[in-house]
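So you can see what is in the structure, the chains are spelled out below.
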There are 2 protein chains.
Amino acid sequence: MKKKSNVTLKEIAKILGFSISTVSRALRDHVDISDETKAIVEQKAKELNYMPNMFAQGFRSSRMHIIGVVVPKLSHYFTSTMIEGILDYAETKGYRVIVSESKNSVEKQNQMLNTMLQFNVDGILLSLTRKTANVQDILNILDRKPLVLFDKVMSKIPCTQIIIDGKQAAYNAIEHLINIGKRRIAIFKETENSFNSEQRFEGYLKALKDYNIPIDEKLIFSTEDISLEKGEQLAQIAITLKQRPDAIFAITDSCAIGAIKILNKNNIKIPEEIAVVGFSNSAHSTIIEPNLSTINQPGHLIGKTALKYLIEEIETDNNNDFQSSKTVEIKSSLIVRDSSFIV
Amino acid sequence: MKKKSNVTLKEIAKILGFSISTVSRALRDHVDISDETKAIVEQKAKELNYMPNMFAQGFRSSRMHIIGVVVPKLSHYFTSTMIEGILDYAETKGYRVIVSESKNSVEKQNQMLNTMLQFNVDGILLSLTRKTANVQDILNILDRKPLVLFDKVMSKIPCTQIIIDGKQAAYNAIEHLINIGKRRIAIFKETENSFNSEQRFEGYLKALKDYNIPIDEKLIFSTEDISLEKGEQLAQIAITLKQRPDAIFAITDSCAIGAIKILNKNNIKIPEEIAVVGFSNSAHSTIIEPNLSTINQPGHLIGKTALKYLIEEIETDNNNDFQSSKTVEIKSSLIVRDSSFIV
DNA sequence: AAAAAGCCCGCAAACGTTTGCGGCAACGTT
DNA sequence: AACGTTGCCGCAAACGTTTGCGGGCTTTTT
């Protein structure tokens, strides 16, 4: 196909009778160029719809003001709120953002990280795929670019990490259930414990302990896949227990919604007979009846905070490689809805 | 901060005693380079973790095998299915994809389109923002890069367009409602008619006409914002009509779900008293009770088809600018669930 | 034996910006 | 009048690839 080719600095320079460097500087508002010249150049550039060649710029400069973001799953509601926080903050700081997803595959994650290196991003924000075990690949990235982990993290990796205080969040949820009179509180959790999952489980255990409620192993349900379907399956099992739970805490909303569906099907009154609390305030949580109580994680704030720390690291020009890394824990809040509301 | 700098062809060439062009050709499997040399170079490149400078490559080459995609809203479920189709097909054809969203703002759409030009993408897939009126900006893009419109389109723009046969889809939905005995079928639609919205409305009108059902203006509800909340509001009004509808067809799932919520609240039996059908098979459609009947649009196929036509246009090397554009209509299907299931 | 062809490698130009540094004219100071 | 400074512009190198084309050696053909 035949399309118009792009206007270059050379053409503008030729038309106006300036040199290429004068035109380049004029368009970048350089102090060496007179206001008169700047105005002339800018007008002609606009008229010709001049657009700088990004590759030539990237080739010549080492800093492109691009941030790379890699997340396990883009369509996950909570992830999209974090990305929104990143994008909003990036805009205020004059950075562009490239987002890609690793589809919870370590191989894809590495591919995406390498793509970010190829784009010569200034820094990388990474939410780890659940199956990340070998951190060497991540350390290799850390050698080359500033990196901040957010949401799904790993303490082995020596860099700044922005997380939800999952332990406290789970603790609050269990405390709330106890406060409305529940004592046999089940947890639906992951079999293979990620860092986040472990934290939530710890919060569950601690809350029970603090309120002198004995831990019943039968109430601890584990599944590989914290999905709606699994939530249904686990709920089906839970309600057949001789001493069944009077509350369910699921570490994802999908799982919690699956549980609600089964309880509804079995005409079990929510929250009177069994209360349900989920985690992460998905869009579905207000669709399901009764509406789901859930941990609200301030995704926008997490995203913004992650980028803030990354930019701070990018723009800190020191030769000391031993930059202290931090773990920043962000508070969440419990939204009490009908699924656990008892007066 | 201090990070390792990237290895270049020059360094590899120096270490191995070859020239830069030999190393470059070896890594690109060029016919002029012997197998022995290729093996030596590839091994050393891997050892040194060589990564080509994307900017240098882009600078030197005119074709980067990158596709730009601009959509109104990324988190919209249906959009994500189309993007998945695009990404999957791109992978098989060896293209990379840059996705951005215009947030239903014409200004942002133009910004994103210009960003795509700056990235020197080979071609652009665009789903128009609803408020697009002035097509000159799009025509300017069309002058410079191959462009295919998909999902939200505009017949004024002379390029290939991939769409759902919305008219037929709506027709099928209305026909289904008629076939289960419904006669007073309301439609919840947009006030400001986009092309897609118009098509669905036409399908609604045509189906009523074909089945000799008089059109009742009172059953045509329009709203600026086809959201869950608006769906609730319109449903609230609909059920107070002297002669209320016995079915509701909403042109989005969100709207339909809002309607269901209100009907549930008012103890109106779905679908016996009032049946409900939505459009686009969102994730919510199986969460709401009763589960929602809805038009399933094959997003994956739309995305794949759009990219297929675009790549065809990119890779057609002819000097004839008058390339015929086509409109490709893709069929949808109606998923009948509990909200309109009557035996 | 000589010429032609093929194989394998290297030279250096090119892409479009950015930028260090230099040149020239005008102005100010001594 | 001479010298120094400032303002404003231009020259050309640099960035790291790709690639057209040429050279030298070996092999094949006449």
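Computed from a predicted structure; not experimentally measured. (Residues numbered from 1 in each chain as written. Chains lettered and ligands numbered in written order. Predicted model: local features only at pLDDT ≥ 70, side-chain atom pairs only at ≥ 80, totals over all residues. Heavy atoms only, no water.)

### Topic: the overall build of chain A
- Each helix and strand counted, chain A has 12 helices and 12 strands in total.
- For a compact globule of 343 residues, the expected C-alpha radius of gyration is about 20 Å, and chain A comes in at 26 Å, more than 25% above that figure.
- Principal axes of the C-alpha set define a box for chain A whose edges measure 90 × 40 × 40 Å.
- Counting all 343 residues of chain A, 51% fall into the buried class.
- Within chain A, contacts between residues at least 6 apart in sequence are counted, and of these 72% link residues at least 24 apart.
- Per element, the accessible surface of chain A, about 16000 Å² overall, is 48% carbon and sulfur.
- Charge separation in chain A, taken as the distance between the mean sites of 43 positive and 41 negative side-chain charges, equals 3 Å. (Helix = DSSP H or I, 4+ residues; strand = E, 2+ residues; numbered from the N terminus. Rg over C-alpha atoms; globule rule 2.2 N^0.38 Å. Buried < 20%, exposed > 50% of the residue type's maximum accessible area, 1.4 Å probe, protein only. Contact = heavy atoms within 4.5 Å. Areas by Shrake-Rupley, 256 points an atom, 1.4 Å probe, with all protein chains shown as cover. Lys, Arg positive; Asp, Glu negative; His and termini not counted. Charge placed at Lys NZ, Arg CZ, Asp CG, Glu CD.)

### Looking at the protein's contact with DNA strand C
- Residues in contact with DNA strand C amount to 26 residues; listed here are only the nearest, S21 and S24 of chain A together with T22, T37 and F59 of chain B.
- Counting only atoms of DNA strand C within 4 Å of the protein, the fraction found in sugar and phosphate groups is 48%.
- A distance of 2.8 Å separates a phosphate oxygen of DNA strand C from a polar atom in the backbone of S19 of chain B.
- Counting residues per element, the ones that place at least two in the surface near DNA strand C are helix 2 (20–27) and helix 4 (54–60) of chain A together with helix 2 (20–27) and helix 4 (54–60) of chain B.
- Among the residues making up the surface near DNA strand C, the classes are represented as eight nonpolar, 12 polar and six charged. (Near = heavy atom within 4 Å. Polar contact = N/O pair within 3.5 Å; in protein donor to acceptor, adjacent residues only side chain to side chain. Nonpolar A, V, L, I, M, F, W, Y, C, P; charged D, E, K, R; others polar.)

### Some points on the interface of chain A and chain B
- On the chain B side, the residues contacting the 48 residues of chain A number 48 residues.
- For the pair chain A and chain B, the summed buried surface comes to about 4600 Å²; carbon and sulfur atoms form 56% of the total.
- For the interface between chain A and chain B, the tally reads four salt bridges.
- Residue E289 of chain A is joined to K261 of chain B by a salt bridge in which the shortest nitrogen-to-oxygen separation is 3.2 Å.
- There are 10 residue pairs in polar contact (both at pLDDT 80 or more) connecting chain A and chain B. (Buried area = accessible area lost by both parts, 1.4 Å probe. Salt bridge = Lys/Arg side-chain N within 4 Å of Asp/Glu carboxyl O.)

### Description of the sheet that holds strand 1 (residues 66–71) of chain A
Residues and elements named next belong to chain A.
- Across the sheet, six strands lie side by side as 2-1-3-4-5-11; this open sheet has parallel pairing. In this open sheet, the two edge strands, each paired with only one partner strand, are strand 2 (96–101) and strand 11 (327–330). Each strand of the sheet is rotated relative to its neighbour by a mean of 20°, with strand direction disregarded.
- Direction of pairing for strand 3 (residues 123–126) relative to strand 4 (residues 147–150): parallel, over a ladder of three bridges. The residue bridging L126 from the neighbouring strand is L149, located in strand 4. (Pairing = 2+ DSSP bridges. Axes fitted to C-alpha atoms, helices over the stretch in contact; angles between N-to-C directions.)

### Considering the pairing of strand 7 (residues 220–223) of chain A
Residues and elements named next belong to chain A.
- The sheet contact formed by strand 6 (residues 185–190) and strand 7 spans four bridges and is parallel. From the neighbouring strand, K189 faces strand 7, where its bridge partner is S222.
- Each parallel crossover has a hand, and the one from strand 6 via helix 9 (residues 195–210) to strand 7 is right-handed. (Right-handed = clockwise from strand over helix to strand, strands pointing away.)

### So, helix 9 (residues 195–210) of chain B
Residues and elements named next belong to chain B.
- With 16 residues, helix 9 extends 22 Å between its outermost C-alpha atoms, agreeing within 8% with the 22 Å of an ideal straight helix rising 1.5 Å per residue.
- By the burial criterion, the buried members of helix 9 are N196, S197, Q199, R200, F201, G203, Y204, A207 and L208.
- In this structure, the buried residues of helix 9 make contact with strand 5 (161–164), helix 8 (166–179), strand 6 (185–190), strand 7 (220–223), strand 9 (275–279) and strand 11 (327–330).
- Residue N212 follows helix 9 closely and has a positive phi angle near 55°. (Expected span 1.5 Å × (residues − 1).)

### A look at the UniProt feature "domain: HTH lacI-type" (unreviewed entry) in chain A
- What UniProt calls "domain: HTH lacI-type" (unreviewed entry) maps, in this numbering, to residues 7–61 of chain A.
- Helix makes up 65% of residues 7–61 of chain A and strand 0%, whereas the separation of the span's terminal C-alpha atoms amounts to 20 Å. (UniProt positions renumbered as here; feature names shortened; annotations may be inferred.)

### Some remarks on the packing of helix 5 (residues 77–93) of chain A against helix 12 (residues 299–315) of chain A
All names here are of chain A.
- Running from N to C, helix 5 and helix 12 cross one another at 45°; their axes reach a closest spacing of 6 Å. Considering the angle they form, helix 5 stands oblique to helix 12. Remark: the crossing between helix 5 and helix 12 carries right-handed chirality. Residue-level contacts link F78, T81, M82, E84, G85, I86, D88, Y89, A90 and K93 of helix 5 to G299, H300, I302, G303, K304, L307, K308 and I311 of helix 12. (Parallel < 35°, antiparallel > 145°, perpendicular 65-115°, else oblique. Left-handed = near helix turned anticlockwise from the far one by under 90°.)

### Quick word on the sheet that holds strand 12 (residues 333–335) of chain B
Residue and element names in this part refer to chain B.
- One open sheet accounts for six strands, arranged 7-6-8-9-10-12; its pairing is mixed. Of all the strands in the sheet, just strand 7 and strand 12 have a single pairing partner and so form its edges. Averaged over all neighbouring strand pairs, the angle between strand axes comes to 20°, with direction disregarded.
- Bridge count between strand 9 and strand 10 (residues 293–296): three bridges; the pairing is parallel. In the sheet register, V277 faces strand 10, and the bridge partner there is S293.
- Relative to the sheet, helix 8 contacts strand 6, strand 8 (247–250), strand 9, strand 10 and strand 12, its axis offset from that of strand 9 by approximately 170°.
- Helix 11 (residues 253–265) contacts strand 6, strand 8, strand 9 and strand 10 of the sheet and is inclined by roughly 160° relative to strand 9.

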